[in-house]
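# A structural walkthrough
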Amino acid sequence: MNEELKTLIEQAIAQEELSHEFYRRMAEIVTHADTKDTFLYLAKEELEHKHFLEQCLTPQGCPLTGHPQDTKLAEYMQAPVITPEMTPKEALLVAMKREEAAYHFYQHLASLQPPGEAKAFLEKMALVELGHKEKMEYLYDNVAFPEVW
């Protein structure tokens, strides 16, 4: 693995740690028990993302990911104001918007790279973040529209 790619992976790991801390702090701030649980779940998810990236530094490399579908739900939603009284639905909307931003961030970084390992890694990371966005949108749908189920 070249040093440029290793540095990119290490930066991505640091970003997942920041996201974990963000959700953990949000869990401390909110007062609604289900919202607190939602943020703790999201913090745990970010640690799993970090673990995925750490695997990329091993000789086996990054595990394969699925083929997420972009429903673009997050793009049509407005991020809520973060307050201690947030609902689980609002917490998931915050997560949707964060994952949307991460997806676009990695897409943009990949577009700036010449063909090679770094570009391929960043494109894979964009797909990973799209998968996270898809998961948050699914969870949001289940919380926001329970009458459908």
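Model, not experiment: these values are computed from the prediction.

Rules of the game
- Residues numbered from 1 in each chain as written.
- Predicted model: local features only at pLDDT ≥ 70, side-chain atom pairs only at ≥ 80, totals over all residues.
- Heavy atoms only, no water.
- Helix = DSSP H or I, 4+ residues; strand = E, 2+ residues; numbered from the N terminus.
- Rg over C-alpha atoms; globule rule 2.2 N^0.38 Å.
- Buried < 20%, exposed > 50% of the residue type's maximum accessible area, 1.4 Å probe, protein only.
- Contact = heavy atoms within 4.5 Å.
- Areas by Shrake-Rupley, 256 points an atom, 1.4 Å probe, with all protein chains shown as cover.
- Lys, Arg positive; Asp, Glu negative; His and termini not counted.
- Charge placed at Lys NZ, Arg CZ, Asp CG, Glu CD.
- Salt bridge = Lys/Arg side-chain N within 4 Å of Asp/Glu carboxyl O.
- Phe/Tyr/Trp six-rings, centres within 6.5 Å; stacked < 30°, edge-to-face > 60°.
- Lys NZ or Arg CZ within 6 Å of the ring centre and 35° of its normal.
- Axes fitted to C-alpha atoms, helices over the stretch in contact; angles between N-to-C directions.
- Parallel < 35°, antiparallel > 145°, perpendicular 65-115°, else oblique.
- Left-handed = near helix turned anticlockwise from the far one by under 90°.
- Nonpolar A, V, L, I, M, F, W, Y, C, P; charged D, E, K, R; others polar.

### Points about the overall build of the protein
The helix and strand tally for the protein stands at four helices and zero strands. Here the C-alpha radius of gyration of the protein, 16 Å, is about what a compact globule of 149 residues would show, namely 15 Å. C-alpha extents for the protein along the principal axes are approximately 45 × 30 × 25 Å. Expressed as a percentage of its 149 residues, the buried residues of the protein come to 39%. Look at the contacts in the protein between residues 6 or more apart in sequence, and 71% of them connect residues 24 or more apart. Carbon and sulfur atoms make up 60% of the accessible area of the protein, which totals about 8400 Å². Computing the positive centroid from 14 side-chain charges and the negative centroid from 26, the protein places the two 1 Å apart.

### What about the pattern of salt bridges?
For the coordinates displayed, the defined rule picks out nine salt bridges. Members of the salt-bridge network, linked through shared partners, are E17, K50 and E54.

### Considerations on the packing of aromatic side chains
Evaluated as defined, the whole model comprises three aromatic pairs. Geometrically, the ring pair formed by F22 and Y23 is edge-to-face, given 5.2 Å between the ring centres and 65 degrees between the ring planes. Side by side, F22 and Y23 carry an identical accessibility label, which is buried. With 6.1 Å between their ring centres and 25 degrees between their planes, Y23 and F39 make a pair best called stacked. With Y23 in helix α1 (residues 3-29) and F39 in helix α2 (residues 33-56), this residue pair connects regions lying 16 residues apart in the sequence. Pairwise contacts between aromatic rings join F22, Y23 and F39 into one cluster. A cation over a ring is seen here: R98 above F22, with NZ or CZ 4.1 Å from the ring centre.

### Section: the packing of helix α3 (residues 88-111) against helix α4 (residues 117-144)
As a packed pair, α3 and α4 sit with axes 8 Å apart at the nearest point and diverge in direction by 165 degrees. Relative to α4, α3 is oriented roughly antiparallel. Judged by the sense of rotation from one axis to the other, the crossing of α3 with α4 is left-handed. Residues of the contact of α3 with α4, tallied by class, amount to 19 nonpolar, three polar and eight charged.

### Concerning the packing of α1 against α2
For any two helices packed against each other, the geometry comes down to the angle between their axes and how far apart the axes lie. Running from amino to carboxyl end, α1 crosses α2 at an angle of 170 degrees, the nearest separation of the two axes being 8 Å. Classified by the angle their axes make, α1 and α2 are roughly antiparallel. Across the interface between the two elements, I9, A12, I13, E16, E17, S19, H20, Y23, R24, M26, A27 and E28 from α1 touch K36, F39, L40, L42, A43, E46, L47, H49, K50, L53, E54 and C56 from α2. Considered class by class, the residues forming the contact of α1 with α2 number 13 nonpolar, three polar and eight charged.

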